[in-house]
Amino acid sequence: MDKENSPIKVNDCPEKGQTTMQSIKVFIRWRPLSPSESTTPEITRTQHPHPTNTSAISLTPPPSHKLSRPWKSDSAFTQIFTANDNNRAVFEAVVAPTLPRVLTGQSCDFFAYGHSGSGKSHTIVGYDFEHPDEFGLCLSAARALYEHLDQLNAGTNEAEKLLLGLRMYELRKNMAFDLLNDRCKCHIREGHDGKTHIRGETETLADGKVRVRPIVTKACLTYDDFHAQLLAGIQRRATGTSTVHDQSSRTHAVFEIEIVTRELLDARDAVVERQSELVPVGKRATDVYIEENSKAFIQTPDGKFAPNPDYQINQQAIDEAEAKKAEFEAYVQTAEEHVAEVKRSCPHACLGGKLVFVDLAGSEYYHDKTTISASRTKQTPQEQQEGRQINTDLLSLKEVIRAMAQKQSRIPFRSSPLTMVLREHFLTGEADDGFSAMILTASPSSEQYTATIDTLKYGNLIGVAGDKAKGRKYCIS
């Protein structure tokens, strides 16, 4: 099995690489019936409160699903929102309680999962950008954070002011596209540090320098700046025909909001520049070594290689090239240490705090003919292929959480680009150092019964598995 597709091994070894599984809470959000569904019967559903402040839910199949059986979940759901709850109510219950964590430098992650047309993008992004009660979770969170940052920035000079850094990208098949950089195509790779990195196209500069920039971070000093950047990125999202409607999100969109300063962003840029300077020097050291060792051997008549008696390896040239390489490696290390120093020296603990919102692409159910509208445009072969990839990604996400809950020896983070990117959002360096929530968006229409029950079953598994895995120690080897 090659490294690209092999799962990550997990051992119970406290002495190396220890990480902790974040807590995962699961919410259900029922959307209202659309105007076209006004005459459609609703799914019969019953909520069952549990003493642990969680809830179970049971669904009864409509008459049109004669072969389906009633289903009841475990007590896996933290809260169930009704169709009358607006985006503000969801924000106050799901995101607002986590802001104190972010303001102490922690990371909190929110996923919207559901079939196409169930309201995922409405929840994460929102479509009404004029009325605060209908802002998506991403914009509402930024608005709340700016209220805190404005207080901290009072009397602070420009260079030290706290900003919100916005990163927006979407995952499509095996690639990422930077929504704040003209949809620049980016590659998803695992680095030597064991972390997943998303890098843009390689730039060839003067003197043999090679620069590979990460996803662009837009520094937004004010809420209005943030609002404008968010809208610009949203307009670059890819849409297409799904099994439900013609303007479905065909990608997983990731929105990262990080508390930064210009000094921190400049320090990170310096690391990229030092790395670009290292490339030609490192290549030169490799070339010298290969050239000298190539001259030191000759091919015999029988096709084998033997030492060349007429050539002595120039070890001095090799040592000089390696010394130069070590010098530039030290420059990179110094730049990386400066990034850490900027964080340590900041008087505010919130620097580096992060909110991550993931608008997962609509799950597809080709076997369920009730989800396909007769008036919907037929999917192209490419769109069908994308739908299969989306399902593969979502299945991989479920299997990752299941594997962690069952304490399996292998966690399949490498099974899809989605789980590779989300790996660092599930595992943290210290216990209780983060928070994750999944919001299941569900349609009450009886015509969507199969898709809705599949969504709730998925969330039920996530909720049960996440509760078992919470706080568990893992070691990545």
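Cut-off values and rules
- Residues numbered from 1 in each chain as written.
- Predicted model: local features only at pLDDT ≥ 70, side-chain atom pairs only at ≥ 80, totals over all residues.
- Heavy atoms only, no water.
- Helix = DSSP H or I, 4+ residues; strand = E, 2+ residues; numbered from the N terminus.
- Buried < 20%, exposed > 50% of the residue type's maximum accessible area, 1.4 Å probe, protein only.
- Contact = heavy atoms within 4.5 Å.
- Areas by Shrake-Rupley, 256 points an atom, 1.4 Å probe, with all protein chains shown as cover.
- Axes fitted to C-alpha atoms, helices over the stretch in contact; angles between N-to-C directions.
- Parallel < 35°, antiparallel > 145°, perpendicular 65-115°, else oblique.
- Left-handed = near helix turned anticlockwise from the far one by under 90°.
- Nonpolar A, V, L, I, M, F, W, Y, C, P; charged D, E, K, R; others polar.
- Pairing = 2+ DSSP bridges.
- Polar contact = N/O pair within 3.5 Å; in protein donor to acceptor, adjacent residues only side chain to side chain.
- UniProt positions renumbered as here; feature names shortened; annotations may be inferred.
- Expected span 1.5 Å × (residues − 1).
- Arc of directions from axis to C-beta.
- Phe/Tyr/Trp six-rings, centres within 6.5 Å; stacked < 30°, edge-to-face > 60°.
- Lys NZ or Arg CZ within 6 Å of the ring centre and 35° of its normal.

Novice: For this particular structure, what's the right way to read the overall build of the protein?
Specialist: Along the backbone of the protein there are 10 helices and 24 strands. By residue count, 48% of the 477 residues in the protein fall in the buried class. Considering only residue pairs separated by 6 or more positions, the protein has 73% of its internal contacts joining residues 24 or more positions apart. Summed over all atoms, the accessible surface of the protein reaches about 22,800 Å², with 50% contributed by carbon and sulfur.

Novice: Would you mind showing me how to read the packing of helix α4 (residues 137-152) against helix α5 (residues 223-234) here?
Specialist: Axis angle and axis distance: for two packed helices, these are the angle between their axes and the distance between the axes, and together they describe the pair. Contact geometry for α4 and α5: axes closest at 10 Å, N-to-C directions at 160°. Compared by their axis directions, α4 and α5 come out roughly antiparallel. Of the two possible hands of crossing, α4 and α5 adopt the one that is right-handed. In this structure, α4 uses Cys 138, Leu 139, Ala 142, Arg 143 and Tyr 146 to contact α5, whose residues at the interface are Tyr 223, Phe 226, His 227 and Leu 230. Its residues assigned to classes, the contact of α4 with α5 comprises 7 nonpolar, 1 polar and 1 charged.

Novice: Can you help me understand the pairing of strand β5 (residues 55-60) in this one?
Specialist: Within a regular strand, the side chains alternate between the two sheet faces. For β5, the buried fraction is high: 5 of the 6 residues fall into the buried class. Bridge count between strand β4 (residues 44-49) and β5: 6 bridges; the pairing is antiparallel. Across the sheet, Pro 49 pairs through a bridge with Ser 55, a residue of β5. Counting the residues between successive antiparallel strands, the hairpin from β4 to β5 contains 5 residues, one of them, Asn 53, with a positive phi of roughly 65°. Judged from the 2 bridges that link them, β5 and strand β6 (residues 71-72) form a sheet pairing that is antiparallel. Considered in β6, the bridge of Ser 58 is made with Lys 72.

Novice: Would you explain the side chain of Asn 308 in this entry?
Specialist: Examined against the element boundaries, Asn 308 turns out to sit in the loop between β19 (305-307) and α7 (315-345). Using a relative accessible area of 17% as the deciding quantity, one classes Asn 308 as buried. For Asn 308, the side chain forms a polar contact with the main-chain oxygen of Lys 295, separated by 3.2 Å. A distance of 3.0 Å separates a polar atom in the side chain of Asn 308 from the backbone nitrogen of Asp 310. Leave out the neighbours within four places in its chain, and Asn 308 touches Lys 295, Ala 296, Phe 297 and Ile 298.

Novice: How should I be thinking about the packing of helix α6 (residues 262-295) against α7 in this particular structure?
Specialist: Running from N to C, α6 and α7 point in directions that differ by 165°, and their axes come no closer than 8 Å. Judged by the angle between their axes, α6 and α7 are roughly antiparallel. In terms of crossing hand, the pair formed by α6 and α7 is left-handed.

Novice: Just checking my understanding: could you explain unusual backbone geometry for this structure?
Specialist: If a residue is not glycine, its phi is most likely negative; likewise, a peptide bond is most likely trans. Phi is positive for Asn 53, close to 65°, though the residue is something other than glycine. Structurally, Asn 53 is set in the loop between β4 and β5. Relative accessible area serves as the criterion here: at 67%, Asn 53 is assigned to the exposed category.

Novice: Help me understand the environment of Ser 121, please; the structure alone is not making it clear to me.
Specialist: Counting through the fold element by element, Ser 121 comes out in helix α3 (residues 120-124). The spacing of Ser 121 and Leu 360 is 239 residues in sequence and 8.6 Å in space, taken between C-alpha atoms. Side-chain polar atoms of Ser 121 contact the side chain of Asp 359, separated by 2.6 Å.

Novice: I keep staring at the UniProt feature "binding site: ATP" (unreviewed entry) in the protein and nothing clicks. Help me out?
Specialist: Mapped onto the present numbering, the UniProt feature "binding site: ATP" (unreviewed entry) falls on Gly 114, His 115, Ser 116, Gly 117, Ser 118, Gly 119, Lys 120 and Ser 121. Secondary-structure assignment places Ser 116 in the loop between β8 (107-113) and α3. Under the relative-accessibility criterion, Ser 116 is labelled buried at 1%. You can see Ser 118 is positioned in the loop between β8 and α3. Accessibility expressed as a relative area gives 1% for Ser 118, which makes it buried. Residues within four places of Ser 118 in sequence aside, it is in contact with Arg 31, Thr 441, Ala 442 and Ser 443. A distance of 2.7 Å separates the side chain of Ser 118 from the backbone oxygen of His 115, its partner in a polar contact.

Novice: Even after reading the chapter, I still don't get α5, so can you show me in this structure?
Specialist: The end-to-end C-alpha distance of α5 is 16 Å, a good match for the 16 Å that 12 residues give at a rise of 1.5 Å each. Buried within α5 we find Tyr 223, Phe 226, His 227, Leu 230 and Gly 233. Along the axis of α5, the buried residues cluster in a sector spanning 135°; they form a single face. The inward-facing, buried residues of α5 contact α4, β9 (163-172), β14 (218-220) and β17 (252-260).

Novice: Any chance you could explain the packing of aromatic side chains here in plain terms?
Specialist: Scanning all chains against the criterion turns up 6 aromatic pairs. Their ring planes at 70° and their centres at 5.2 Å tell us that Phe 328 and Tyr 331 sit as a pair that is edge-to-face. With Phe 328 and Tyr 331 both in helix α7, this residue pair falls 3 residues apart, about one helical turn. Residue Phe 328 is classed as buried on the basis of its relative accessible area, which comes to 16%. Ring-pair connections join several aromatic residues into one group, and the members of that group are Phe 110, Phe 357 and Phe 435. Cation over ring: Arg 183 sits above Phe 177, and NZ or CZ is 4.8 Å from the ring centre.

Novice: Can you walk me through α4 in this structure?
Specialist: Because the α-helix completes a turn every 3.6 residues, residues three or four places apart line up on one side. Taking 1.5 Å per residue as the helical rise, α4 with its 16 residues ought to reach 22 Å, and the 23 Å between its terminal C-alpha atoms agrees with that figure. When we look at burial in α4, the residues that qualify are Leu 137, Cys 138, Leu 139, Ser 140, Ala 141, Ala 142, Ala 144, Leu 145, Tyr 146 and Leu 149.

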